[in-house]
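Here's the letter readout for the chains.
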Amino acid sequence: MATREVFSSTASNPLGRPRGLWSALHVDPILLLLLLILVSGGLFVLYSGADRNFDVVKAQGLRFGVAFIVMLVFAQLDPSVFRRWAPWLYGLGLVGLIAVLVVGVGAKGAQRWLALPGLPRFQPSELMKLVVPMMAAWYLSRHFLPPRLSRIGVGLAIVLLPMVLIVKQPDLGTSLLVGMAGLFVVFFAGMSWKLISAFFVMVSVAAPVMWFFGMRDYQKQRVLTLLDPQSDPLGAGWNIIQSKTAIGSGGFDGKGWLQGTQSHLEFLPESHTDFIVAVLAEEFGFIGVLALLSVYFLIILRCLFISVTAQDSFSRLVAGALTMTFFIYIFVNVGMVSGLLPVVGVPLPLVSYGGTSTVTLMAAFGILMSIHTHRRMITA
Amino acid sequence: MPWGEFKDTAAERRLFQRRAMVMLVVVFLLLATLVARMYQLQVVEHDIYTTLSDKNRVQVQSVPPPRGLVYDRNQVLLAENRPVFSVTVVPERVGGMEATLEQLARILDVSEEDMERFQRRLREPRRPFQEIPLRYDLTEDEIARLAVHRHELPGVEVEAELVRYYPHSELTAHALGFVGRINRDELQRIDPVNYAGTNYIGKSGVERFYEELLHGRVGYQHVETNARGRTLRVLERENPVPGEDLELHIDLRLQNRAHELLDGRRGAIVAIEPATGGILALASVPGFDANKFVTGISVSDYRELSDSKDKPLFNRALRGQYPPGSTLKPMLAIAALDSGAVTRDLTIWDPGHFQINSVGRRWRDWKRGGHGWVDLTYAMAQSCDVYFYEAAVEMGVDTMVSYLSRFGFGEDATLDVSGALSGLLPSPDWKRATRNEPWYPGDTVNLGIGQGFMLSTPLQLATATALIANRGEWVEPRLLKGIQGDRSPEEFLPGETHEPLQLKDPSDWDFIADSMAEVMHGVKGTARGAGRGASYRMAGKTGTAQVFSLAEDEEYDAEEVRERLRDHALFVGFAPLKNPQIAVAIIVENGGGGSSTAAPVARALFDAWIQEFSESGDGALVSQTDIENEVR
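Residues numbered from 1 in each chain as written. Chains lettered and ligands numbered in written order. Predicted model: local features only at pLDDT ≥ 70, side-chain atom pairs only at ≥ 80, totals over all residues.

*Asks:* Give me the overall build of chain B: which residues, what numbers.
*Replies:* Helix and strand content of chain B: 25 helices and 20 strands. Sequence separation of 24 or more characterises 74% of the internal contacts of chain B that already satisfy a separation of 6 or more. (Helix = DSSP H or I, 4+ residues; strand = E, 2+ residues; numbered from the N terminus. Contact = placed C-beta atoms within 7 Å.)

Laid out in structure tokens, this is it:
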């Protein structure tokens, strides 16, 4: 018990090492600076993507304000709190997901929201993006790493259960993101390469099975359209063709802020949500895309550094998995807008207009900051 | 197991560091892939997408020209353009399609057909944000109701379009024709550029014949649009050239009178102004409301029209081919006189029947017992069949056919009457070609009284009558009187092709005209009842065409059979006798005798044209002295 108290102590500073303001606030200034650059730049693009609608920018700014507070709150919590709460949150999340399937409210043919009386509406699946890696990390870090095969099996089951529930909503995009977050935990925990290869073989076998039995028609359509967008230029291929046109016409240095014709003439669909990177690419060109991806890369570098320097396995696994989830957002979104990947409805993190994912992502950065600023200085 | 105990933390850290390195490499490679992809799109293929982008931004839109208006000879509007409102739905902007359609069905009168067409269009591939029409031709009430509910119906729009409207359609449908939506065949034929913004095209009549004139020239605008097709800015505009406004020879008052006179019957009236060939009236009764056809007639409405035994869609004036019967006698009389087969004074004995030789078939005269001694004038006045049997045999079929063809039988002699049929002028060659039978002498006898194989339309009879009224001067029948503006109708009317019919003795014209006046005014004239009490002299000839059979697939009750087996009543004539202002041909289907049914109709038309309308009309001015001269 004594050990635990030392581990979890935040009030004391046993080594007497000078702690700055940032440490006292439990904020990592480098990560904060990078996030502020990303968010403020994103708001500029959003103003253009939303066709100069300042209300949209204001709403998003407000949302970032809330998200930053959430981040700060999460940063104050000791990583051990997350660890202890992980199983309970996981259980709660599963109940929420089942409740969504039974009494959830929906939009566009999918039930994703849970409207409980007295509580704001929320998506349990969004919560699971954080809770699933925590739960997997909690389970795997209780034992020696790398884990035994049976424990990997249990770990995968922990990941798969919420995935299935989310797919039922149906929300393939979120399900995949949740699944990826959990799988990264298993990967970081040290799943052997042999098993990883076997896993990929399994996936490649499962994919055709999914195609014929698991996917809805609109999901199949998205994949087919990706393979040949020209086949249906005015229907399903419209989004991809228009976003590629917007990106391509931007050229090396872009058309200038607010000068993008594709987005402002409303050829580009969803120009302020999922397809906002096309607006950036059209108005700021290849340079702008490079800048954006560079900021993202720096954030990922910083987060991986935080993961590597974390002091216990749980923290490392959670930090690593959340970092990689963040990257998956980026890769899937930019890949989809540029026509490399199917359109699966993943927002560009911290730039796309939209509330839930922003809060989740900032909470994840709060956890990372918490991990980084609650280190014991003994072994650092 | 308590947290953190019995674990090799250093080994776990090293394991994690290795895995993190792998992930860093993966992240770097995947980001590099994205950069490469962006480089490909933005730098390598930049030009391609720039072109695509410009095409997206600037669209060339067509601006349809307003269709030319059509007036009658007194500047009464016969065809105009009316804004018609239709309700359209943009599926992308609709909250719930089913709920929206349900609510629209409550607000508007939406037929099952409308709904089916809408659902079909909804399933077809289309551009996002392209609107789909749900119902055309909204009433003002419906537009008002829609406006009230508009805030509940996002994506539902009311759109205006200029659509043809015929204010006097029941009267003019057959003369004027109508426009309708462009169909697939027409799409192949028309200039796709000029019709880029046009939805309607002339389907029949004047609308079809003068389609090019009426349509006008399409205009363009280069516009910056958004994906919804909504115009943000007009960059450049070339205005459309509106279609020409046409003036027709038709006189709506006379047309109306013709319809009134045939009201409740089936038949046709064609009235021609002999001096110009202008068609004053072209009536086919019953008529129909062509407005229904413009935006697309419903199946039930169409079935009602097409299944009607009275065949309102059938243009009897242009396409009704009837045996001319005795109305052919004036033309045959000209032929007989000019060919020398008869003379003005030749008298024959009519015993009531005619035989080519003493043992052959007997052709009866309509009058049992015969007319006795008959000369040409009397034969015309009394419509003596035997006189014309003999004249026919004397002339021979070739002579008859060659004269009749000079009157325009067996051809479509019109200049701009779309859809006119040419009837049938039988000849030995024709009979051998189509029936593989020789021409029998009896066929010649039948032709002598306009029976047998001979068929003609009311328009052809009117044309031939006008030729007699003109004393041989040909005027091809035409509808177009003028084009508003500085263009002359001659530019657009086809050339006149007919030579005047010159007789060896031109006074034969007057002789035959006088004999036709005997029909109307003589003591024995078959139409003397119709001519009685007139303040001017008129010429005419009655006729009766036998109805041989009924269509086998039609069912009639006994009363109807009797009615539908009655002879067709025919009449041709012109007035006044000297300086004719109007020539008419009339057919009343199953009307019985020409003298009792058709001739009074002609008299009423003559009266209307020469006396009633002459003060205000510009065509039929007859001075009082003229009339007095006639009477004297």
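*Asks:* Pulling in residues and values, what's your account of the overall build of chain A?
*Replies:* Counting its secondary structure elements, chain A contains 15 helices and 2 strands. Restricting the contact set of chain A to residue pairs at least 6 apart, pairs at least 24 apart contribute 72%.

*Asks:* Describe in detail the confidence of the model for chain B, supporting the description with residues and values.
*Replies:* Residues and elements named next belong to chain B. Confidence along chain B averages 84 in pLDDT terms, with 90% of residues attaining 70 or more. Across residues 1-5, where pLDDT falls below 50, the model places 2 contacts with residues more than four positions away in sequence or in other chains. Note that pLDDT drops below 50 for residues 549-556; the model gives that stretch 6 contacts with residues more than four away or on any other chain. For this predicted complex, the interface confidence score (ipTM) comes to 0.88, while the overall pTM stands at 0.58. (pLDDT = per-residue confidence, 0-100.)

*Asks:* Go over helix α16 (residues 385-395) of chain B, please, and point to the residues and values.
*Replies:* Residue and element names in this part refer to chain B. Across the 11 residues of α16, 9 count as buried, placing the element largely inside the fold. Restricting attention to buried positions, one finds in α16 the residues Asp385, Val386, Tyr387, Phe388, Tyr389, Glu390, Ala391, Ala392 and Met395. Just downstream of α16 lies glycine 396, where phi reads positive at about 85 degrees. (Buried ≥ 20, exposed ≤ 12 C-beta atoms within 10 Å, placed from the backbone.)

*Asks:* Tell me about the environment of leucine 322 of chain A, and name the residues and values.
*Replies:* All names here are of chain A. By secondary structure assignment, the location of leucine 322 is in helix α14 (residues 313-337). C-beta crowding within 10 Å serves as the criterion here: with 29 such atoms nearby, leucine 322 is assigned to the buried category. C-alpha separation for the pair leucine 322 and serine 307, spaced 15 residues apart in sequence, amounts to 9.5 Å.

*Asks:* Go over the packing of helix α14 (residues 329-339) of chain B against α16 of chain B with me, naming the residues and quoting the values.
*Replies:* Residues and elements named next belong to chain B. In contact at an axis separation of 10 Å, α14 and α16 are set at 50 degrees when each is read in the N-to-C sense. Taken together, the axis directions place α14 and α16 in an arrangement best described as oblique. As for how α14 packs across α16, the hand of that crossing is left-handed. Counting all contacts with α14, which are made through Lys329, Leu332, Ala335, Ala336 and Ser339, the residues of α16 involved are Phe388, Ala391 and Met395. In terms of residue class, the contact of α14 with α16 is built from 6 nonpolar, 1 polar and 1 charged. (Axes fitted to C-alpha atoms, helices over the stretch in contact; angles between N-to-C directions. Parallel < 35°, antiparallel > 145°, perpendicular 65-115°, else oblique. Left-handed = near helix turned anticlockwise from the far one by under 90°. Nonpolar A, V, L, I, M, F, W, Y, C, P; charged D, E, K, R; others polar.)

*Asks:* Before we move on, could you go through the pairing of strand β3 (residues 77-89) of chain B and cite the residues and values that matter?
*Replies:* Every other side chain in a regular strand lies on the same face of the sheet, so the side chains alternate between the two faces. Residues and elements named next belong to chain B. Direction of pairing for strand β2 (residues 70-71) relative to β3: antiparallel, over a ladder of 2 bridges. Within the sheet, the bridge partner assigned to tyrosine 71 lies in β3 and is leucine 77. Following β2, the chain reverses through 5 residues before pairing antiparallel with β3; glutamine 75 in that reversal takes a positive phi of roughly 60 degrees. With 10 bridges connecting them, β3 and strand β5 (residues 156-165) associate as antiparallel partners. Each bridged residue has a counterpart across the sheet, and for threonine 88 the counterpart in β5 is glutamate 157. Of the strand pairs in this sheet, β3 and strand β4 (residues 132-135) are connected by 3 bridges, and their pairing is antiparallel. (Pairing = 2+ DSSP bridges.)

*Asks:* Describe unusual backbone geometry, and please don't skip the residues or the numbers.
*Replies:* All names here are of chain B. A cis amide bond links valine 285 with the next residue in sequence, proline 286, at an omega value of 0 degrees. Inspection of the secondary structure puts proline 286 in the loop between β12 (278-285) and α11 (291-294). Looking along the chain, the bond that leaves alanine 575 and enters proline 576 is cis, with omega of -10 degrees. One can find proline 576 in the loop between β19 (568-575) and β20 (582-588). Its identity is not glycine, yet glutamine 75 carries a phi of approximately 60 degrees, on the positive side. Relative to the helices and strands, glutamine 75 is located in the loop between β2 and β3. Of the residues examined, glutamine 75 has 8 C-beta atoms within 10 Å and is grouped as exposed. Positive phi outside glycine occurs at asparagine 579, with the angle close to 55 degrees. As for its placement among the helices and strands, asparagine 579 is situated in the loop between β19 and β20.

*Asks:* For the packing of helix α7 (residues 149-167) of chain A against helix α8 (residues 172-189) of chain A, give the residues involved together with the corresponding values.
*Replies:* If you want to describe how two helices pack, look at the angle between their axes and the distance between the axes. Residues and elements named next belong to chain A. Here α7 crosses α8 at 170 degrees, and the two axes come no closer than 8 Å. When the interaxial angle is binned, α7 and α8 end up roughly antiparallel. Listed contacts from α8 to Ile152, Gly155, Leu156, Ile158, Val159, Pro162, Met163, Ile166 and Val167 of α7 are Leu172, Thr174, Ser175, Val178, Gly179, Gly182, Leu183 and Val186. A breakdown of the residues in the contact of α7 with α8 according to their chemical character gives 12 nonpolar, 5 polar and no charged.

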